[in-house]
Amino acid sequence: MALKQEDLLRDMQKCFNNLKVEEDKKETVIQREREDSIDIRCTEFPDFSEEFHQIIKAGWLEKTPPKGGKIYQRRWVQLDSEYMRYFQSVKEVYSKRMVSLGSVDKVVSVGDLRFELHSQSRTFLFRAESTQERNDWVCCLEKILSDRKNSLEPRNLFFKNGSVNIHFEGYLEMLSPRTKIYTLISRDKLFLFKSHEEYFQGVGITDIDMRMANVRDGENKRSFTLTTPYRTFSFVVNSESEKVKWCELLNECVSRSLSCDGVCESIWRVPTNRLCADCSSAMPEWASINLCVLLCEKCAGVHRSLGQNVSKVRSLKLDERVWTDDLIRVFLLLGNGKANQFWGANIPPSESLCVNANSEQRLQHITAKYKDGKYRKYHILFGQQEALNKALCSAVQFADLLETLSLLNCGADINCHTGIPQFPSPLSLAKHSGQTVQAELLMQNLNSETFTPVVKDVSIRSHSGYLFKTASSARPITDNKTKADFSQRWCCLGDGMFSYFKNEQSHNKCGGMKISEIICLSVNSPGKHGYEHTFELYSEEGRVYLFGTDDGSTAKNWIRAIAMAVLPPALFDVCGNCDRLGRLRCTEGSNGIGWFCLSGFKLQVLLKDNIQTIDLRKLLTLTLCDSSGSMVLVWRGGPLHLLADRRPHFVGWQTYIQQKSGAGDQPLSQQQLTDLGVPVTIDRCLDHVTRHGLLSLGIYRKSGINSHVTKLQERFQNDARSVTWCESEYSVDDVANTLKRFLREVKDGLFNGQENSDSWLRAAGLEDRSEKIHRYQILLSNLPDVNRETLRVLIHHLVCVQYLSDENQMTIRNLGIVFGPTLFQTDGTDVTASQVVEELIQNYCSIFNVSESDLQRQLNMTSDVLNKHKSQRTLSRTPSSTICAVYLEKKEESAGVLVQVPADMTAFKMVSVVLEQKGIQQANEEFWSCYEILEKEEMERTLHYQERVLPLYFSLSCDCHLLIKRNHYIIGIMRE
Ligand SMILES: [Zn+2]
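Residues numbered from 1 in each chain as written. Predicted model: local features only at pLDDT ≥ 70, side-chain atom pairs only at ≥ 80, totals over all residues. Heavy atoms only, no water.

Novice: Give a detailed account of the overall build of the protein chain, specifying residues and quantitative values.
Specialist: When its secondary structure is counted, the protein chain shows 30 helices and 37 strands. Sequence-distant contacts, at least 24 apart, represent 59% of the contacts inside the protein chain between residues at least 6 apart. (Helix = DSSP H or I, 4+ residues; strand = E, 2+ residues; numbered from the N terminus. Contact = heavy atoms within 4.5 Å.)

Below you can see the structure in the form of structure tokens.
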């Protein structure tokens, strides 16, 4: 009985409330339909239920229509701690209504499976499918309401925390369905209300999560759109300025929505992102930003091992800077759920990966899944290149990221030409279409898949302009091209491509290449062809492209832009302006590839991950293997093997490296140099004279044998590094005169040209001594490094020579007479040249900033050594013969042979004496020689058969010995 009374009361109350609502409605909104809300259904549905709110309870309920209509409407109802929302269906993202629980006073069960929510102004009536279900709803709601009442938070009808976080509010006109709505931006959401009054009553339509939204200009001045993955909202406002304001504030809201959580929290809001895409481990903190999957630490490790060109792994927590708003959105929109619809569409249960998989299983599964594409869902256009490219160009202009991911990984060319000159690549087209998330996905995939020997982060490098171009060639371009051979082309560098068109407006590409296919850029010296500035590009497949322009800065900018695109960033950062750059097969490089940059004599090399700078002039040896074409450069840092390559770029590298490694017919600074930076020719001659000629009477004054001097000079000029000789081969006078001839004939001379030479000569005329010394110092510091160092070494040597003038008779005056005309390359009529040399010797310490005591110590030492040597030599010269120890076939005690060697014994004679002594008969086809063996350097030299043994024997150092063995080289020749 009591129950019935209560029911009656409730029914009465319900009628009253409904009446009250009806009264409100009459005054405010004219309903177009019997619905109590506007219809904003999705055009695209999410493929999983996105739990953006912590849902407490959800289920189907029937709801009374407004105005007391009789027909119940079936609604999907969700309850969280703040709102009760109802939707047209389970799949809908945007609610038809959201009621703030802050505005609800109580919830009551009424008869017939029904319950009601009572607020100050409204009552909402729902009917459940069963009593149990109804009781559950009421119970949940009561619990929430009592929690809210007990909390100390300020009571607010719509927002839990009052209106402090409202950034902007006002009326907007929505198009489709066309209706005026009250709109409010709060924190990271946009709330829609039917009216301002309803906002105060605590009843809204829906809220839009702005993390996935995109604000764009509309078709007319007063309209704009808000695109979400599920539908597009179009709005019109009263004025253009109002539109600008809304767009600005909505964009702020978008970025606020992405930044208010950490990257993890943002990305994990999508439930499928909370499990590793490969093994389903919980809360994956890593991501492959090109494959668009979230990964646990173990799977991330395997991904990393596949290489950056397959999977670019980044941490959600550590690599903060990578996570731009757009990249986060790629993972919200695509994420594991959708990406796996593509990557893992066909994983047989037997091949799926579990949380506890071992590393081998992981490697197998992940390689099959991403690298081999074993489980992927092949795009319907797979295999039709043109159609794929077309589909890609179309896809990037719309929101469907999965389509783009699928196209990219089924063969569509990310660099294909869109046919639109202003937006030639899919990337530029995506940007133009306002699809920033598509653009982000494309950028992360720009360098994937194509093989790049050295990984570099993708960045957009673009450059465009007119250049002149000749027809490409399969051979090095050796002839001179006139302007008539060139045609004008509009060239574009960007999005991983270098392309050229007939003109700026042209849609059809005349040609081009992927940047990853450019293996070499070579800059020609100005004026080589009809256009003043030209450069060549060499492609992977072995073609040469010649480009030119008359404008120096245009050429420079192009070279710089191409260098930036082609070179690994580490090398580009240090290379500056270069003459030639690119990659070569190189034994010491990473994966057999080294990156090289040549500017002048400086060769910068990137091997593995360190950059080395080699001064080509200072190479220890440079060997060209004629048969294979390989090149071996030995420098202080070790050897560098450049493997032969038949393509045209390699010939160019060979030529350049040879030219830049120093040449005998060039000025001092372009000669082959020692580590100290002194020409090798000068160093070897000075060394020889120092060791053997300082005590020689009239050294530098006496002439050598002209034919010897000419021969030695030619050898130096040809390849100074390879020149060695023994003391007996050339007299000290031969060597001294070779040095003089070199200095007299070297291009530009020691003083670097006529003009500079004249300055030195003029300085000699200065009266004041200290002023003169000062002037010499200035002139010295103005000399190029190589010239200055050479002058220092030479004058130091002459100081030594004059110190021993008691023996050699070469006083400062005599040295001045000899070296003046030599160094100044004059005929000797003007004595000023001699005066300069004399003064340089006299004032060596002050001009070259050397301490007097150091010099004195050096001179004493030299003199001691030489005098000791002299006494030994006089001894060794007196006897007509001496006993020498040589080895036969190998250096072993048992192989030692003592042999009487007369002063005039030749190597040939000694070999036959030793063989005879040992009872060895030389067979017809055999040939034995004597070798000088340097143990430390593991080198051997065959003695010329006429070379006299004794002088050599005395000059051998302790780690050298003589060895007699079969000469297989000669034997080989004789057999042929
Ligand atoms: Zn995993």
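Having seen it, we continue.
Novice: For the pattern of salt bridges, give the residues involved together with the corresponding values.
Specialist: Counting across every chain of the model gives 27 salt bridges. Note that D217 and K243 form a salt bridge whose closest N and O atoms lie 3.2 Å from each other. Placement of D217 in strand β13 (residues 214–217) and of K243 in helix α4 (residues 240–259) is noted, with a sequence separation of 26 residues between them. In this structure K243 comes out as buried when scored by relative accessible area, which is 6%. Note that D854 is salt-bridged to R857, the shortest N-O span being 3.5 Å. In this pair, D854 and R857 are both assigned in helix α27 (residues 852–877), 3 residues apart and thus about one turn of the helix distant. Classification of D854 by relative accessible area gives partly exposed; the value is 39%. The exposure class assigned to R857 is exposed, which follows from its relative accessible area of 54%. Through salt bridges with shared partners, a single ionic network connects D80, R85 and D207. (Salt bridge = Lys/Arg side-chain N within 4 Å of Asp/Glu carboxyl O. Buried < 20%, exposed > 50% of the residue type's maximum accessible area, 1.4 Å probe, protein only.)

Novice: Tell me about the coordination of the zinc ion, and please be specific about residues and values.
Specialist: Reference geometry at the metal: tetrahedral coordination by four donors gives ideal angles of 109.5 degrees; octahedral coordination by six donors gives 90 or 180 degrees. Taken together, C276 (SG), C279 (SG), C296 (SG) and C299 (SG) make up the protein donors of the zinc ion, found 2.2 to 2.3 Å from the metal. For the zinc ion, all donor residues lie on one chain, and their spacing in sequence is C-x2-C-x16-C-x2-C. Of this pair, C276 sits in the loop between α5 (263–268) and β16 (286–288) while C296 sits in the loop between β17 (293–295) and α6 (297–305), and the two are 20 residues apart along the sequence. As far as burial versus exposure is concerned, C276 and C296 are alike and both buried. (Donors = N, O, S within 2.8 Å, 3.2 Å for Na, K, Ca; no water.)

Novice: I'd like to hear about the environment of A368, residue by residue, with values.
Specialist: With respect to the secondary-structure elements, A368 resides in helix α9 (residues 359–371). The sequence separation of A368 and E351 amounts to 17 residues, and the corresponding C-alpha distance is 9.8 Å.

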